[in-house]
Each structure stands twice: as C-alpha cells, then as structure tokens.
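# Overview (structure and organization)
Spelled out from the first residue to the last, the chains are:
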Amino acid sequence: MATITFQGLEVRTSGELPSKGSKAPDFTVVSGELKELTNADFAGKKLVINIFPSVDTGVCAQSVRTFNKKASSLDNTTVLCVSRDLPFALERFCAAEGLDNVTTASDFRHGFGEAFGVVQESGPLAGLLARAVVVVDEDGTVLYTQQVPEIGEEPDYDEALAAVSA
C-alpha cells in the first residue's frame, strides 16, 4: 500500500505499482465505444499508461492534453489514459479538445485499479484512481513507474517518455 496526499491530506492506495522489470498486470478497461480493451490489444507496442482520478479536474485534463501533444512523436507507442470516469465522458473530453494521439479508457467496471494498486482507499476521492504513470515495453515488461506523491500535481512527463526511448 502506498501513502500519497491529496491537498496535503494523507491518502492510502490499494497497493503498490508493479516493479520495474516485472510483467505488467493483466487488465481490462472499457473504451468509449464500450469495447473491452486488454493487455493483448497493445501487444507488440510500447504502452504509456497515464492513470488519474477524473478528466473533470484541471490537472487530470492537463495530463491527457500533455501526453497527447508529446505522443505525436512516439514510434510504436500507445498512450493509454485510464480513469474511473465513464467512457462517454472521456471520449467527449477528447473530442471537444481535438485530442487524437491518446487512447482513453475507463475502469468503471473495476479491476484495473486493483491490479495496478492505484485505487484510493481513503481521503475525499476514495474509490477513484490515484495519479500514476506506468510504461511497458512491447513484451509487457514494466520499464518505468511513477506514483505521483501529491494527487494534485502533474506526473513527470519527461521521465516517462525517456523510458519509452531507452
């Protein structure tokens, strides 16, 4: 269990992020078209997983925008943005913002957050996902993780993307 903060208040998560060098946990999330997406859908590509509480907050929205901008220059890489927002809300946000370099998916059916240890178990946002980034190689091996210590702060985009190029 990781301990992070939200506006300075201590928050516990459901576990720890997968360790570097381990296989990424199996997961299922739901696309805007209500199609289930799993690890297998991203096999053979590098995967940057941007995990956040809700696209309806400024920092979460900015993380999707920033990864969208930076993802345009990545080869053989998908940026997957995951929250517990409904799939329709994620799709609507990307359409309104003109974002097409990221894939959004929802954990509203649950399972992803538990597998990655990022469900907030305490605090005002309990039940939503914590802010984190996980980078996985083409074979599903974890290259990089960041559990953002303060939920209201953005992830380290440069570090995450450097792991894609390493």
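If you're wondering where the values come from, they're calculated on a predicted model, not measured in any experiment.

## Quick word on the packing of helix H1 (residues 58-71) against helix H4 (residues 157-165)
Direction vectors running N to C along H1 and H4 enclose 40°, while the axes themselves pass 11 Å from each other. On the basis of the axis angle, H1 is oblique to H4. Relative to H4, H1 is oriented so that their crossing is right-handed. Contact with H1, carried on its side by Gln62, Ser63, Thr66, Phe67 and Lys70, involves Tyr157, Asp158, Ala160 and Leu161 of H4 and no other residues of that element. Looking at side-chain class alone, the contact of H1 with H4 contains four nonpolar, three polar and two charged residues.

## Side note on the UniProt feature "active site" (unreviewed entry) in the chain
When the UniProt feature table is mapped onto this chain numbering, "active site" (unreviewed entry) sits at Cys60. With respect to the helices and strands, the residue Cys60 is situated in helix H1. Beyond its immediate sequence surroundings of up to four residues, Cys60 is in contact with Phe52, Pro53, Ser54, Val55 and Arg131.

## So, the pattern of salt bridges
This structure, assessed with the given rule, holds five salt bridges. In this structure, Arg84 engages Asp107 in a salt bridge whose closest nitrogen and oxygen atoms are separated by 3.0 Å. Taken as a pair, Arg84 in the loop between strand E6 (77-83) and helix H2 (87-97) and Asp107 in the loop between strand E7 (103-106) and helix H3 (112-116) lie far apart in primary sequence, 23 residues in all. A relative accessible area of 11% places Arg84 in the buried class. Judged by its relative accessible area of 1%, Asp107 is buried. Salt-bridge contacts for Glu114 lead to Arg84; the nearest nitrogen and oxygen are separated by 3.0 Å. Of this pair, Glu114 sits in helix H3 while Arg84 sits in the loop between E6 and H2, placing them 30 residues apart in sequence. One network of salt bridges, in which partners are shared, links Arg84, Asp107 and Glu114.

Thresholds, definitions, all that
All residue numbers refer to position in the chain's written sequence, counted from 1. Reporting in this predicted model follows two pLDDT cut-offs: at least 70 for local features of residues, and 80 or more for side-chain atom pairs to be given and counted; totals over whole chains, interfaces and linings ignore these cut-offs and use all residues. Excluded from the side-chain calculation are hydrogens and water; included are all heavy atoms of the structure. With axes taken as lines fitted to C-alpha atoms, and helix axes fitted only over the stretch in contact, angles between N-to-C directions fall between 0 and 180 degrees. Each helix is a run of DSSP H or I of at least 4 residues and each strand a run of E of at least 2, with the numbering of both proceeding from the N terminus. For this classification, under 35 degrees means roughly parallel, over 145 means roughly antiparallel, 65 to 115 means roughly perpendicular, and everything else is oblique. By the definition used in this description, the sense in which the near helix is turned from the far one sets the handedness, with an anticlockwise turn below a right angle giving left-handed and a clockwise turn giving right-handed. The contact definition used throughout considers only heavy atoms, calling two residues in contact when any of these lie within 4.5 Å. Here the term charged refers only to Asp, Glu, Lys and Arg, the term nonpolar to Ala, Val, Leu, Ile, Met, Phe, Trp, Tyr, Cys and Pro, and the term polar to all other amino acids, Gly among them. UniProt positions are given in the numbering used here, feature names are shortened, and annotations may be inferred rather than shown by experiment. Salt bridge, as applied in this entry: a Lys or Arg side-chain nitrogen positioned within 4 Å of an Asp or Glu carboxyl oxygen. Whether a residue is buried, partly exposed or exposed follows from its accessible area with a 1.4 Å probe, protein chains only, as a fraction of its type maximum: under 20%, in between, or over 50%, in that order.

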